[in-house]
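Tertiary structure, described
The chain contents come next:
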Amino acid sequence: MLMIFSGFDPSGGAGILQDITIMKMFQINPGAVISAYTVQNEKNFKKVIYREKFDEFKLFDNITLIKVGLSNLKQIVELRNNYKNAKIIWNPVIKTSSGFNIISPEEVKKGEKYVDLMIMNSEEYKLAKVSCDVIITGGHEDTEKIKVLYKNKVFYAPKYNKNLHGTGCVFSSLIVAFLYNKYTIEESIIASLYYMDKLVKNSENYVKTENMVYEFHKSYILEELWKIKTEIIKLGQYTIPEVGQNIVFAMPNAKCEDDVGKYPGRIYKFGNEVNFTHEPAFFGKSHMARAVLATMKYFPWIRSAMNIKYKEDYIKRAEKLGYRTFYLDRNKEPVEIRVKEGHSIPYGLSKIYEQVKEPIDFVWDDGFYGKEAMIRVFGRTPSEVINKVKDVVGVDG
């Protein structure tokens, strides 16, 4: 179970209200404990009152991950003493954007030994000089793009001329949500920056997650599928199999085909013309949706896939470019799997992932009686999948 331990911001722009909103967006129902009460709005911070006793801790005995926001050193120590086996991720607030001092850098430095990961902006990181595992955000720096550092890796995101309340809180909550869904830290950063871009573009004054909670995921998934439609058409003469094509993009934590965006009815080529049976939607059956669902059980960040016709040159070029490829021998499928509609590819992918323990970019087979040879391309997003297809086809699209 996930628990949030954070301050109550009466404006709702940050703190525990934002934390919970983000978690709900990912179908996570967290336990929540208020660490402190603040007197503030989106622009001004007047006062903070820390709580000292937490009877709520006695209510939760199955906590595996704790997201900590505004808190002091004494509270961090108490959290660790109560939840010795939980992973604690702390987004400390040293000073508010309006200049109010919340916690000293020295307290943050002392608190690092009680947590598993910190998420800090670059200014606070320089003040605290922590040496623990830390994600450092550079939104305050005078740079063209936002830069996020983790260990020796750098991640970039678009920067907008906006001064929004709650960005640090929302970003750290996104990181925790993805970690709770078993993303790695690096993959959590990549995914969180993508979501932050969507949220910031649609916000004023504070990060307005409430505008997007209900429709946000589905709308952006369909938008991503629409975005690459032109690329599908241009690549169609090289990639569309006789049985048709599809490219899909799943919701985070997708459980069934209705959680996966797709082009219902498949994409077909008639002569030089590429035809779409339907615009992107969430309804309808799709073998690629089933392939993604099977993959996400092992690697939840691999949420998009596309099938293309098999050519030996495509696989050779993929291997030369350093992509991971795997041959799926469908002749080895048990008869009871082969005869069940929709079971074959999920079964084969499961066998692959149990063997190699890592995501595969291109899974190919040479077909068998009644089944066309096929290549299946996997990635985080439709754009990433399309770029992989362009690479192996050898055209710009």
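Basis of the calculations
Residues numbered from 1 in each chain as written. Predicted model: local features only at pLDDT ≥ 70, side-chain atom pairs only at ≥ 80, totals over all residues. Heavy atoms only, no water. Buried < 20%, exposed > 50% of the residue type's maximum accessible area, 1.4 Å probe, protein only. Helix = DSSP H or I, 4+ residues; strand = E, 2+ residues; numbered from the N terminus. Pairing = 2+ DSSP bridges. Right-handed = clockwise from strand over helix to strand, strands pointing away. Axes fitted to C-alpha atoms, helices over the stretch in contact; angles between N-to-C directions. Contact = heavy atoms within 4.5 Å.

Going by an unreviewed UniProt entry, the chain carries the name Bifunctional hydroxymethylpyrimidine kinase/phosphomethylpyrimidine kinase and comes from Thermosipho ferrireducens.

1. Thoughts on the pairing of strand β4 (residues 65-68)
On β4, burial covers both faces: Leu65 and Lys67 on one face and Ile66 and Val68 on the other are all buried. Examined bridge by bridge, strand β1 (residues 2-8) and β4 share 4 bridges and lie parallel to one another. Opposite Met3, over in β4, you have Ile66 as the bridge partner. Bridge count between β4 and strand β5 (residues 87-90): 4 bridges; the pairing is parallel. Looking across to β5, one finds that Leu65 is bridged to Lys87. A crossover connection joins β4 to the parallel β5 through helix α2 (residues 73-82); in handedness this β-α-β unit is right-handed.

2. Here we look at the sheet that holds strand β6 (residues 117-121)
Taken in spatial order, the 9 strands line up as β3-β2-β1-β4-β5-β6-β7-β8-β9 in an open sheet, and their pairing is mixed. A strand with exactly one partner marks an edge of an open sheet, and here the two such strands are β3 (45-50) and β9 (153-157). Going across the sheet, the axis of each strand differs from the next one's by a mean of 20 degrees, ignoring polarity. Pairing between β1 and strand β2 (residues 31-40): 5 bridges, direction parallel. For Met3, the partnering residue across the bridge sits in β2 and is Gly31. Together, β6, β7 (134-137), β8 (146-150) and β9 form the strand contacts of helix α6 (residues 185-201), whose direction differs from that of β9 by roughly 15 degrees.

3. A closer look at the sheet that holds strand β17 (residues 374-379)
Pairing is mixed across the open sheet formed by 6 strands, whose spatial order is β11-β10-β14-β17-β16-β15. Each of the sheet's edge strands pairs with one partner strand only, and the pair in question is β11 (260-261) and β15 (325-327). Two elements, strand β16 (residues 362-365) and β17, share 4 bridges in a ladder whose sense is antiparallel. Directly across from Val363, in β17, lies its bridge partner Arg376.

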